[in-house]
Amino acid sequence: MKDKILCWFDGFPLQFGIVRSLKDIHDCELYAIIDVNKGKKFYEKQKFIKFEKKWFYRDFIKNDKSFDLDYLLNFEKKYGINIWKIIYSDPILYQYNKHYEFDRKEVFSIIEKECRFFELVLEETKPDFLILRITDSSNSQLLQQMCKSLGIKILTLGFPRFGFRANISEEMDVLDYEDDLYDKKYSSKTWDELKNYLHGYAKQDKILKENFRTSKKDWLMGGFQFFKLIIDPKYTKFYRNSGRNFIKSIWVELKLNLQANSRRRFVNQGFLKKIKHNEKFVYFPLQLEPERTLLISAPYYRNQIEVIKNIARSIPVEFFLYVKEHPRQGSEGWRNIDDYKEILNLPNVRLIHPDVSNNILLEKCSAVVTINGTLGLESLFNKKPSIVFADTIYSKLSSVSRITNLEELPKIIKQTIKKTVELEELDNFARKIENNSFELNTQELESKTHRLFYYGGFLFDVKIDEKKVEGFLNQERKTFRKLAEEHVKKIQQHKKYLK
């Protein structure tokens, strides 16, 4: 029987190119849920992929306050899904929305409509697999978790925290079958050879930093297109665009730019740019906000100020806690100055400028404490132990301590500082990652889509030009063919374990 594959597309994601190549090498039936506004005409007329059926998500999600609480209660029980956890992790529905504040009735109404819509699609298609990008909103999370509950295998393109490598898994930051290796070939590596993995990750992250929302020309062009969008009354009828009228949007944008300039000055003037010699410290890197690594992967530690306070009250008396701002937080307008002042007022905490090299901090620190960031792994390659607050792809290593009880934090910090990172264990971990992943410069590929379709990342609600799509797919034909082949490998791997 043919595999039934359900695809989730919002805008023009990399998954479109993957699925287009997948249909050429794998016998399957393709279905699609499409979340677009300006891009709807493209998906209605496109001939790159033949779908058995497609649904436009926004046609089913109307903005009102009607909801059935009994339905939501039964839904939670049926799928084992915590609805409030999903709501709190959505940056539009909660906390990070600069244009509109949803009330409880509106949120429940939206979630119920999403649930009913996804149930309708899943009942009609009964798919074997779901292809979607890394989840970052309520709708994609709901669909992913519903499929997981129903035994539908999920194919998400992610990154295993090693430079220029990617993997496909059901959950981000997880190896599905870590002992079932794709490729048995591997040669043991030295400390210096292992460190090259993380250097590659830093280079890959730098690509995104240099290409995402950096062009003033893209900002102006994207802004012009955005204001053309919001003068259309139909635009604000979709819940994610609530409150985005012309006057308010200009005011919000001006306010954010003024705040960003003021905050940047504070960062440049008040943060340490040189670390002190012979000072014992534990290193805590702030994580980017808003980002799914906090909102979804570590929802109970999203208040990083409180996490910092808990670490500060738990470190040994002769130690300082060095807190470094995330280098890409500037693209989000930096944090509130009052938050920075709250950190600076802690007597055993030093706030480090984002331009300070991680190499220096990792060389001098005694340990790294991170919520679930990559620096907790990078520290191991620098022979320094780490502590994490959430499960990660590396959290099971013996030189990593996973916090499950905050009251034990002082004891765990003291124990972790004394730990030794073992080369053999780290080498075995690298072997698992290398043999369950493949070479791919994900950031460069995504940066190309940002430049070509999304005004450098400033505007994602755009018309999708068919000629641009055709050119991009032809230009990256080999890459998408390789990605399709990797998806087939993953499908075969899942089938092996389903027998």
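Caption draft 1: Just the overall build of the protein chain, in detail. Across its full length, the protein chain holds 19 helices and 13 strands. A compact globule built from 499 residues should have a C-alpha radius of gyration of about 23 Å, and the protein chain, at 23 Å, falls within 12% of that. For the protein chain, the residues scored as buried account for 55% of the 499 residues in total. Considering only contacts in the protein chain between residues 6 or more positions apart, those separated by 24 or more positions represent 73%. Here the protein chain has roughly 24100 Å² of accessible surface; of this, 49% comes from carbon and sulfur atoms. Within the protein chain, the 70 negative side-chain charges are centred at a point lying 3 Å from the centre of the 87 positive side-chain charges.

Caption draft 2: Fine view of unusual backbone geometry. Cis geometry is found at the peptide bond from E289 to P290, where omega equals -5 degrees. Summarising the element assignment, P290 is placed in the loop between β7 (281-285) and α10 (292-295). Positive phi is not limited to glycine here, since K126 has a value of about 45 degrees. Take K126: it is sitting in the loop between α5 (104-125) and β4 (129-131). With phi around 75 degrees, D173 is a residue other than glycine that occupies positive phi space. Judged by relative accessible area, which is 13%, D173 ranks as buried.

Caption draft 3: Just a nonpolar patch on the surface, in detail. Among the surface-exposed residues, I231, F246, I247, I250 and L254 lie close enough to one another that they form a single nonpolar patch of about 490 Å² accessible area. Note on placement: I247 falls in helix α9 (residues 246-270).

Caption draft 4: Broad picture of the pattern of salt bridges. Tallied over the entire structure, the rule returns 30 salt bridges. With its nearest N and O atoms 3.0 Å apart, the salt bridge here joins D391 to R402. Pair noted here: D391 is in the loop between β11 (386-388) and β12 (400-402) and R402 is in strand β12, with a separation of eleven residues, a long-range link. Relative accessible area serves as the criterion here: at 56%, D391 is assigned to the exposed category. Several salt bridges converge on common partners, so that one network encompasses D10, R133 and D136.

Caption draft 5: A look at the sheet that holds strand β3 (residues 53-56). The mixed open sheet is built from seven strands, whose spatial order is β3-β2-β1-β4-β5-β6-β13. For this open sheet the edge positions go to β3 and β13 (438-439), each flanked by a neighbour on one side alone. Inspection of the sheet shows strand β1 (residues 3-10) paired to β4 by three bridges, in the parallel sense. Looking at β4, one finds that L6 is bridged to L130. Each of β1, β2 (28-35) and β3 is contacted by α5, which is oriented at about 180 degrees to β3, the strand it contacts most. The sheet strands contacting helix α19 (residues 477-498) are β1, β4, β5 (153-158), β6 (165-169) and β13, and the helix crosses β5 at an angle near 145 degrees.

Caption draft 6: Representation of the environment of I296 in the model. Counting through the fold element by element, I296 comes out in the loop between α10 and α11 (304-312). Residue classification places I296 among the buried residues on the basis of a relative accessible area of 17%. When the C-alpha atoms of I296 and S138 are compared, they prove to be 10.0 Å apart, with 158 residues separating the residues in sequence. Setting aside its immediate chain neighbours within four residues, I296 contacts S89, T135, D136 and Q141.

Caption draft 7: Structural detail: the sheet that holds β7. Taking strand neighbours across the sheet as the criterion, the six strands line up as β9-β8-β7-β10-β11-β12 in an open arrangement whose pairing is parallel. With one partner strand each, in any of the chains shown, β9 (349-352) and β12 form the two edges of the open sheet. The sheet shows a mean angle of 25 degrees between the axes of neighbouring strands, taken without regard to direction. Judged from the five bridges that link them, β7 and strand β8 (residues 320-324) form a sheet pairing that is parallel. Bridged to F284 within β8 is V323.

Caption draft 8: Just α9, in detail. Here α9 is 25 residues long and its end C-alpha atoms lie 36 Å apart, about the 36 Å a rise of 1.5 Å per residue gives. Within the span of α9, buried status applies to S249, V252, A260, R263 and V267. For α9, the secondary structure elements touched by its buried residues are α8 (216-230) and α12 (337-344). The N-capping residue of α9, defined by a side-chain oxygen 3.3 Å from the backbone nitrogen of I247, is N245.

Caption draft 9: A look at the packing of aromatic side chains. Applying the stated rule across the entire model yields 42 aromatic pairs. Plain terms: the ring middles of F266 and Y340 are 6.2 Å apart, the flat faces sit at 10 degrees to each other, and that makes the pair stacked. With F266 in helix α9 and Y340 in helix α12, this pair connects stretches of sequence that are 74 residues apart. Note on Y340: relative accessible area 1%, which makes it buried. The structure contains a cluster of three or more aromatic residues connected by ring pairs, namely F9, F12, F16, F42, Y43, F48, F51, F453, Y454, F460, F472 and F480. Geometry around F56 places K40 over its ring, the cationic atom sitting 5.1 Å from the centre. Above the plane of the ring of F320 lies R350, whose end atom (NZ or CZ) is 4.1 Å from the centre.

About the criteria used
Residues numbered from 1 in each chain as written. Predicted model: local features only at pLDDT ≥ 70, side-chain atom pairs only at ≥ 80, totals over all residues. Heavy atoms only, no water. Helix = DSSP H or I, 4+ residues; strand = E, 2+ residues; numbered from the N terminus. Rg over C-alpha atoms; globule rule 2.2 N^0.38 Å. Buried < 20%, exposed > 50% of the residue type's maximum accessible area, 1.4 Å probe, protein only. Contact = heavy atoms within 4.5 Å. Areas by Shrake-Rupley, 256 points an atom, 1.4 Å probe, with all protein chains shown as cover. Lys, Arg positive; Asp, Glu negative; His and termini not counted. Charge placed at Lys NZ, Arg CZ, Asp CG, Glu CD. Patch = residues over 30% accessible without salt bridge, like charges linked within 9 Å, V, L, I, M, F, W, Y side chains within 5 Å. Salt bridge = Lys/Arg side-chain N within 4 Å of Asp/Glu carboxyl O. Pairing = 2+ DSSP bridges. Axes fitted to C-alpha atoms, helices over the stretch in contact; angles between N-to-C directions. Expected span 1.5 Å × (residues − 1). Polar contact = N/O pair within 3.5 Å; in protein donor to acceptor, adjacent residues only side chain to side chain. Phe/Tyr/Trp six-rings, centres within 6.5 Å; stacked < 30°, edge-to-face > 60°. Lys NZ or Arg CZ within 6 Å of the ring centre and 35° of its normal.

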